[in-house]
Amino acid sequence: MDLQDFKWKDNKQVFYISDSTPQGGVPLLKFHLFDRLADVTHAVTTRAGGVSEGMFSTLNLSYTRGDDEIAVDENFHRTAISLSAKVADFVLTDQTHTDHVRVVTREDCGKGILRKRDYQDVDGLITDEPGVVLAAFFADCVPLLFADPVHGAVGVSHSGWRGTVARMGLATVRAMQEAFGSRPEELYCAVGPSICQSCYEVSEDVAQQFLAEFPSEKERLCAPGAAGKYQLDLWKANELVLKEAGILEDHLAVTNLCTCCNPTLLFSHRASKGKRGNFGAFIKREERK
């Protein structure tokens, strides 16, 4: 796999594919932005490198879509190898399209994958403990990644249209402020691969919620589509949320990679009409030397 395999919305150099895949691992998409941070490991998986079959082929990271559990276990194992981690280091979200963010510690490792979660309705995870791999999952919704190089904290959030209109990015920034003393101007943030505006048709009731929340950007975010429909720009909406939260433009990377335009390389709910798995977004803080 290389960058030429993908269909990009423009020529911005937002991502790269990890130079080498370790033995037994999987290829990873990474943001150039986070390369500035020596003690942060992050990645977004694709559909490549796993063992799942059929509509889940091949690197499905969801236990709830009907895939074989043994195959998903192996897919997580391979992902962990590429992240220089163990499956036991992972902490998984419990995504229900909320703006709830949970502070994670080493005591949470393995939850959602090796043992049951003792939390519900959590679409965002944050931590300042090294070695903890935060994980969230997607198939058109927006991955949000956060890193605070000053206080040694990281976060990941899931932001679909409900999370976006509820300002999930802001909720995550505030949670990091409260838990770790993070300052918005010191945070680095990335908006990950997700559905683009030209592919994302929504009903008028959804569009009206965005028009009410972002009145100054209504023409930009909700372009008229077919009769009674609108084309919603989740990328721009999340960019607005993060900038209004205080994130500096130089510290922000916004995707130009659409899941629906690349259904053979990234899972897309809309392109597959719901017959799909999930890819993942991951971030961890490394031990400082």
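Our subject in this report is the structure included herewith. Values in this document were obtained by computation on a predicted structure and should not be read as measured data.

### Some thoughts on the sheet that holds strand E3 (residues 40–45)
Read across the open sheet, the six strands follow the order E1-E2-E3-E15-E7-E4; overall the sheet is mixed. Strand pairing shows two members of the sheet lacking a second neighbour, strand E1 (15–17) and strand E4 (90–92), which therefore form its edges. Direction aside, neighbouring strands of the sheet carry axes that sit 30 degrees apart on average. Pairing between E1 and strand E2 (residues 28–31): three bridges, direction antiparallel. Residue pairing for E2: Phe 15 is matched across the bridge by Phe 31. With respect to the sheet, helix H1 (residues 69–82) is in contact with E2, E3, E4, strand E7 (133–138) and strand E15 (279–285), its orientation differing from that of E4 by roughly 125 degrees.

### Observations regarding the packing of aromatic side chains
Taken as a whole and assessed by the stated rule, the structure comprises eleven aromatic pairs. The interplanar angle of 85 degrees and the centroid separation of 6.3 Å between the aromatic rings of Phe 31 and Phe 34 together place this pair among those described as edge-to-face. Of the two residues, Phe 31 and Phe 34, both sit in the buried class. Centre to centre, the rings of Phe 90 and Phe 282 are 5.6 Å apart; their planes meet at 50 degrees, and the pair counts as tilted. Note that Phe 90 is positioned in strand E4 and Phe 282 in strand E15, a separation of 192 residues in sequence. The same class applies to Phe 90 and to Phe 282, which are both buried. Linked through ring pairs, Phe 6, Trp 8, Phe 15, Phe 31 and Phe 34 together constitute an aromatic cluster.

### Description of the pattern of salt bridges
Scanning all chains against the criterion turns up 16 salt bridges. Two residues, Arg 78 and Glu 74, come together in a salt bridge whose shortest N-O distance is 2.9 Å. Placement of the pair is Arg 78 and Glu 74 together in helix H1, with a separation of four residues, close to one helical turn. When its relative accessible area of 23% is taken as the criterion, Arg 78 is described as partly exposed. The exposure class of Glu 74 is partly exposed, given its relative accessible area of 28%. For the salt bridge of Lys 111 with Asp 108, the shortest nitrogen-to-oxygen distance reads 2.7 Å.

### Focus on the side chain of Asn 75
Relative to the assigned elements, Asn 75 resides in helix H1. Those residues in contact with Asn 75 that sit more than four places away from it in its chain are Gly 50, Val 51, Ser 52, Thr 58, Leu 59, Asn 60 and Leu 61.

### Here's the deal with the side chain of Ser 18
Mapped onto the elements of the fold, Ser 18 is located in the loop between E1 and E2. Judged by its relative accessible area of 14%, Ser 18 falls in the buried class. Non-local contacts of Ser 18, meaning those with residues more than four positions away in its chain, are made with Pro 27, Leu 28 and Lys 30.

### A closer look at a negative patch on the surface
There is a patch of like negative charges on the surface, built from Glu 53, Asp 68, Glu 69 and Asp 73. Summarising the element assignment, Asp 73 is placed in helix H1. In this structure Asp 73 comes out as partly exposed when scored by relative accessible area, which is 34%.

### Observations concerning H1
Its 14 residues place the ends of H1 20 Å apart at the C-alpha level, agreeing with the 20 Å of an ideal helix rising 1.5 Å per residue. Turning to H1, its buried residues number three or more, namely Ala 71, Val 72, Asn 75, Phe 76, Thr 79, Ala 80 and Ser 82. Of the residues that open H1, the one with a side-chain oxygen 3.2 Å from the backbone nitrogen of Ile 70 is Asp 68. Where H1 ends, the next residue or the one after it, Ser 84, has phi of about 55 degrees, a positive value.

Thresholds, definitions, all that
- Residues numbered from 1 in each chain as written.
- Predicted model: local features only at pLDDT ≥ 70, side-chain atom pairs only at ≥ 80, totals over all residues.
- Heavy atoms only, no water.
- Pairing = 2+ DSSP bridges.
- Helix = DSSP H or I, 4+ residues; strand = E, 2+ residues; numbered from the N terminus.
- Axes fitted to C-alpha atoms, helices over the stretch in contact; angles between N-to-C directions.
- Contact = heavy atoms within 4.5 Å.
- Phe/Tyr/Trp six-rings, centres within 6.5 Å; stacked < 30°, edge-to-face > 60°.
- Buried < 20%, exposed > 50% of the residue type's maximum accessible area, 1.4 Å probe, protein only.
- Salt bridge = Lys/Arg side-chain N within 4 Å of Asp/Glu carboxyl O.
- Patch = residues over 30% accessible without salt bridge, like charges linked within 9 Å, V, L, I, M, F, W, Y side chains within 5 Å.
- Areas by Shrake-Rupley, 256 points an atom, 1.4 Å probe, with all protein chains shown as cover.
- Lys, Arg positive; Asp, Glu negative; His and termini not counted.
- Charge placed at Lys NZ, Arg CZ, Asp CG, Glu CD.
- Expected span 1.5 Å × (residues − 1).
- Polar contact = N/O pair within 3.5 Å; in protein donor to acceptor, adjacent residues only side chain to side chain.

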